[in-house]
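# Structural overview for review
These are the residues of each chain, in order.
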Amino acid sequence: MSNEPQVPETSVLAVASHVVSGNVGNKIAVFVLQSMGCEVSALNTVQFSNHTGYKQWKGTRVSAQEITDLWEGLKQSYLDNFDMMLSGYVPGAEAVTAVGNIGKELRHKSEKAQKPGSFFWVLDPVMGDNGRLYVAEAVVPAYKSLVHHADLILPNQFEAELLSGIKITDSASLEHAIRVLHQDYGVPHVVITSVSIPLFSSSSVATPETPRTMSVVGSTMTSDRQPRAFKISFPVFECYFSGTGDMFAALMVVRIREAVSKYDKQNGESLGGKRSWLSGDDVDALDLPLARAAEKVLASMHEVLESTCESMAAEMKAVKERKGEELDEKTLHLIKSRAAELKLARNLGSLRDPTIEYRAEKM
């Protein structure tokens, strides 16, 4: 395999949280994007000692004004030329608006230059999971007013419910939620990153080691905002992880850019020159660059999580053999949280060139 990155030269503005120790937010985004050939400018929305899954941490959140000031600082030194923007965790509604203003400004800049495909915004609307909000309630309407400016959004199932107003309980309500995001909000590309409801798959992905499955469900809208939905089912590791959504988002930035570039080369088109990189209506759901990108993202995710799970099991076994029953519940949780940090640095091959096992299928 060539050492040349598969993704075209790409400059990314990554807006997300930062931790001194561990892998979440921009700690993941910067490493993943740079490892795969992108130039990254990181605008950190929090500065914490460690992620909040440890249940104890120190640090500060960045205010909306500080976000705006940092952006103005980039502009005044002509450091504001970006091909793509990735936005993740943002603390508070005012800060979400400030980040949104950056995205809208970059969009306007590309349109003013009459290069509508020269900017692409991937928005991960971090609000909560498993039926529970972990941001202020005011953040929800802030994102609802913002998502139509993004090109690709990456909500989990709970966040998709919050944005669409549709409770997802089966395939029909899932497709209804996607339709609302396309038609009512005008979001060109949607990937729901963790669908827990059963979805029929033509091939079984469950194994004795990983009997539980979940799905990623994606869609690129047509010119009249109709969904073109696909699903990818995958086995779930029974381990506790933090930062999986952040890794998915960072990988998706690279893979959608790469997939669009590859599509243009193979078909003699200039999809990358169109706003939101929207495929023509004749392109089938399974041939969408978004589907190709999602397959590669999940391949990398599966390999990294498998490696992390194995490493975590070995580390916890060693701790218990060494410490026996001496550990109190709090200490055990802290050790387990550290052991569950995503193993990225030693798995560069999984990021760059994973083996694709799980393929997209039509809904």
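You'll find the structure just up there.
Note that the structure is a prediction, hence the values are computed from the model and not measured.

For the rest of this paragraph, the subject is the nonpolar core. Core analysis: the biggest nonpolar cluster contains 56 residues, and Met247, Phe248, Met252 and Ile256 have the highest contact counts within it. Among the secondary structure elements, those contributing two or more residues to this core are strand E1 (11–19), helix H1 (25–35), strand E4 (84–87), strand E5 (120–123), strand E10 (213–220), strand E11 (229–235), helix H7 (244–267) and helix H8 (289–323). At 12 residues, the largest contribution of residues to this core is made by H7. In this structure, Ile256 is in contact with Met84, Phe120, Trp277, Pro289, Leu290 and Ala293, ignoring residues within four places of it in sequence. Counting 53 residues, the second-largest nonpolar core is a separate cluster that includes Val24, Tyr89, Ala95 and Val139.

The full count for this structure, using the stated rule, is 3 aromatic pairs. Aromatic pair Phe48 and Trp57: ring centres 5.9 Å apart, planes at 40°, arrangement tilted. When its relative accessible area of 6% is taken as the criterion, Phe48 is described as buried. Between the aromatic rings of Phe120 and Trp277, the centroid separation amounts to 4.1 Å while the plane-to-plane angle is 20°, which identifies the pairing as stacked. Of this pair, Phe120 sits in strand E5 while Trp277 sits in the loop between H7 and H8, and the two are 157 residues apart along the sequence.

With that settled, consider the sheet that holds strand E12 (residues 361–362). Read across the open sheet, the 10 strands follow the order E3-E2-E1-E4-E5-E8-E9-E10-E11-E12; overall the sheet is mixed. The open sheet has two free edges, formed respectively by strand E3 (59–61) and E12, since each of these has just one partner strand. The pairing of strand E8 (residues 152–153) with strand E9 (residues 189–195) spans 2 bridges and is parallel. Across the sheet, residue Leu152 finds its bridge partner in E9, namely His189.

By secondary structure assignment, the location of Glu258 is in helix H7. For Glu258, a relative accessible area of 5% puts it in the buried group. Apart from residues no more than four positions distant in its own chain, Glu258 is found in contact with Gln6, Val7, Pro8 and Lys296.

Our focus in this paragraph is the environment of Ser63. Structurally, the position occupied by Ser63 is in the loop between E3 and helix H2 (64–76). The exposure class of Ser63 is partly exposed, given its relative accessible area of 32%. Distance in space between the C-alpha atoms of Ser63 and Pro91 is 7.9 Å, their sequence separation being 28 residues.

Moving on: the pairing of E11. For E11, the buried fraction is high: 7 of the 7 residues fall into the buried class. Of the two faces of E11, the one holding Ala229, Lys231, Ser233 and Pro235 and the one holding Phe230, Ile232 and Phe234 are both buried throughout. In terms of strand pairing, E10 meets E11 through 7 bridges, oriented antiparallel. Along E11, the bridge assignment pairs Val216 with Ile232. Two elements, E11 and E12, share 2 bridges in a ladder whose sense is antiparallel. Looking at the pairing, Lys231 lines up with Glu361 of E12.

Rules behind the numbers
Residues numbered from 1 in each chain as written. Predicted model: local features only at pLDDT ≥ 70, side-chain atom pairs only at ≥ 80, totals over all residues. Heavy atoms only, no water. Core = buried A, V, L, I, M, F, W, Y, C linked by side-chain atoms within 4.5 Å. Buried < 20%, exposed > 50% of the residue type's maximum accessible area, 1.4 Å probe, protein only. Helix = DSSP H or I, 4+ residues; strand = E, 2+ residues; numbered from the N terminus. Contact = heavy atoms within 4.5 Å. Phe/Tyr/Trp six-rings, centres within 6.5 Å; stacked < 30°, edge-to-face > 60°. Pairing = 2+ DSSP bridges.

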